[in-house]
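# Commentary on secondary and tertiary structure
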Amino acid sequence: MHHEEEIDPMDAICCSIKVGQKVPDFTLTTYDPVKGDFGSFSFAEQKKAKKWTILFFYPADFTFV
Amino acid sequence: MGAEVIAISCDTQYVHLAWQKHEKMLQDVKYPMGADPTGNLSSLFGVYDEEKGIALRGTFIITPDGLLLNSEVNFFNMGRNIDELMRKFKANIHLAKKTNEGCPAKWKEEGDKTLTPSAAMVGKVFEALQ
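Residues numbered from 1 in each chain as written. Chains lettered and ligands numbered in written order. Predicted model: local features only at pLDDT ≥ 70, side-chain atom pairs only at ≥ 80, totals over all residues.

### A look at the pairing of strand β1 (residues 27–32) of chain A
With 6 bridges joining them, β1 of chain A and strand β2 (residues 37–42) of chain A adopt antiparallel strand pairing. Each residue of the ladder has a partner; that of T29 of chain A, found in β2 of chain A, is S40 of chain A. From the end of β1 of chain A to the start of β2 of chain A, which pair antiparallel, there are 4 residues, and G36 of chain A there has a positive phi angle of about 70 degrees. As judged from the 3 bridges shared by β1 of chain A and strand β2 (residues 33–35) of chain B, these two strands associate in the antiparallel manner. Note that in β2 of chain B the partner of T29 of chain A across the bridge is A35 of chain B. (Pairing = 2+ DSSP bridges. Helix = DSSP H or I, 4+ residues; strand = E, 2+ residues; numbered from the N terminus.)

Structure below.
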């Protein structure tokens, strides 16, 4: 019998982080306009520096809103 | 104000460089522009649109200890109000110092009326806000 791998619709809802949870460590490659150079953002370092973090996601460069 | 702001999209860091240098509206940008081309970080925060390969308009405020306190997500065609982001951030700063207080809906900035929940306040929030 042919088994199709079904994606549980609950997975689409459940696997992202919720308000009140701890954010896992992550790093991001960045462009720093002040230095005019590429760099790296480390969430672990941010916590060591005891700073708040605001992540501002947006769809795409060279677009409008 | 003591927070690190990072703007993140699924473009690479090269596109960020090109855009920031080209678009005059971005000439005063001083915060890092993060690249999430795999969509992994966007997925972690539940804003990745797999079909389109781009992120929804999500803003997330995280404490120095790594706790996610605020989440705002809009569909692609609606921008977020920066005054509201500042209001929430200032409220978080206040509440981090005054852990027994709450900022009511009309709280805008330091000095505005807050609530200190207690058994005596049950059923009497109206009076507490006068």
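### A short note on the interface of chain B and chain A
Taken together, the contacts link 51 residues of chain B with 34 residues of chain A. Where the side of chain B that touches chain A is concerned, the elements lending two or more residues are β1 (3–9), α1 (13–22), β2, α2 (40–44), β4 (54–55), β5 (57–62) and β6 (68–74) of chain B. Broken down by element, the residue count for the side of chain B that touches chain A peaks at 7 residues, all from β1 of chain B. Per-class residue counts for the side of chain B that touches chain A are 28 nonpolar, 17 polar and 6 charged. Taken together, the 4 bridges between strand β3 (residues 52–57) of chain A and β5 of chain B define a ladder with antiparallel strand orientation. When the sheet's bridge partners are listed, L55 of chain A is paired in β5 of chain B with F60 of chain B. (Contact = placed C-beta atoms within 7 Å. Nonpolar A, V, L, I, M, F, W, Y, C, P; charged D, E, K, R; others polar.)

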